[in-house]
Amino acid sequence: QSDLVESGGGLVQPGGSLRLSCEASGINLRSYVVAWFRQVPGKEREGVAIQDVGSDVYYANSVKGRFTASRNFAKTTVYLQLDRLQPEDTARYFCAATKNLLYSEWTDVDKYDFWGQGTQVTVSS
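Residues numbered from 1 in each chain as written. Predicted model: local features only at pLDDT ≥ 70, side-chain atom pairs only at ≥ 80, totals over all residues. Heavy atoms only, no water.

*Asks:* Give a description of the overall build of the protein chain that names residues and reports values.
*Replies:* Looking only at helices and strands, the protein chain has zero helices and eleven strands in total. For the protein chain, the sequential pattern of α-helices and β-strands runs β-β-β-β-β-β-β-β-β-β-β. For 125 residues, the compact-globule estimate of 2.2 N^0.38 gives 14 Å, and the protein chain sits close to it at 13 Å. If one aligns the C-alpha atoms of the protein chain with their principal axes, the spans along those axes are about 40 × 30 × 25 Å. Partitioning the contacts of the protein chain with sequence separation of at least 6, the portion at a separation of at least 24 is 59%. Roughly 6,500 Å² of accessible area belongs to the protein chain as shown, and the carbon and sulfur atoms make up 46% of that amount. Where the 13 positive side-chain charges of the protein chain centre and where its 14 negative ones centre are 4 Å apart. (Helix = DSSP H or I, 4+ residues; strand = E, 2+ residues; numbered from the N terminus. Rg over C-alpha atoms; globule rule 2.2 N^0.38 Å. Contact = heavy atoms within 4.5 Å. Areas by Shrake-Rupley, 256 points an atom, 1.4 Å probe, with all protein chains shown as cover. Lys, Arg positive; Asp, Glu negative; His and termini not counted. Charge placed at Lys NZ, Arg CZ, Asp CG, Glu CD.)

Here is the structure:
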């Protein structure tokens, strides 16, 4: 159903870490800009990080210094390392991909062609 599949979410205590994965099905992520979003119930999806085809990364200010996006050698899978997690990071995390994006519009969910179902991250003591 979805071209992208996220995994790696779970329950973690404040200060803990998780690593999220985004695996493509039917598309080659090597050719796509990949972004991470997160969403809590009743809220709009929030841009977290974006990684271009050359592996350059931009992070939202809310996660800068705590989250790290990366890609494997073949760039068929992308990762988001979540460190020093806070309760405010609790959300469902999604990856999204597109070939057509202006850097200034990376947080616009309408710019992305492919989405995963999301993986839940819950930060609680």
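*Asks:* Outline the pattern of salt bridges, supporting the account with residue identities and numerical values.
*Replies:* Per the counting criterion, the structure on display carries four salt bridges. Among the salt bridges present, the one from Arg 38 reaches Glu 46, with a minimum N-O distance of 3.0 Å. The partner of Asp 89 in a salt bridge is Arg 38, and the shortest N-O contact between them spans 2.8 Å. A residue pair is termed long-range when its members are at least 10 positions apart, and Asp 89 in the loop between strand 8 (77-82) and strand 9 (91-98) and Arg 38 in strand 4 (residues 33-39) qualify at 51 residues. What makes Asp 89 buried here is its relative accessible area of 1%. On the basis of relative accessibility, which here comes to 6%, the residue Arg 38 falls in the buried class. Counted as one network, the salt bridges with shared partners bring together Arg 38, Glu 46, Arg 66 and Asp 89. (Salt bridge = Lys/Arg side-chain N within 4 Å of Asp/Glu carboxyl O. Buried < 20%, exposed > 50% of the residue type's maximum accessible area, 1.4 Å probe, protein only.)

*Asks:* Please provide a residue-by-residue account of the packing of aromatic side chains, values included.
*Replies:* For the structure on display, the rule yields eight aromatic pairs. Aromatic pair Phe 37 and Tyr 112: ring centres 5.3 Å apart, planes at 80 degrees, arrangement edge-to-face. Taken together, the residues span a long stretch of sequence, with Phe 37 in strand 4 and Tyr 112 in the loop between strand 9 and strand 10 (114-115) at a distance of 75 residues. As far as burial versus exposure is concerned, Phe 37 and Tyr 112 are alike and both buried. Pairing Phe 94 with Trp 115 gives two aromatic rings, centres 6.4 Å apart and planes at 75 degrees, and the pair type is edge-to-face. One end of the pair, Phe 94, is in strand 9; the other, Trp 115, is in strand 10, and 21 residues separate them in sequence. Every member of this aromatic cluster is reached through a ring pair, and the members are Phe 37, Phe 94, Tyr 112 and Trp 115. The cationic tip of Arg 19 hangs over the ring face of Tyr 79; the distance from NZ or CZ to the ring centre is 4.3 Å. (Phe/Tyr/Trp six-rings, centres within 6.5 Å; stacked < 30°, edge-to-face > 60°. Lys NZ or Arg CZ within 6 Å of the ring centre and 35° of its normal.)

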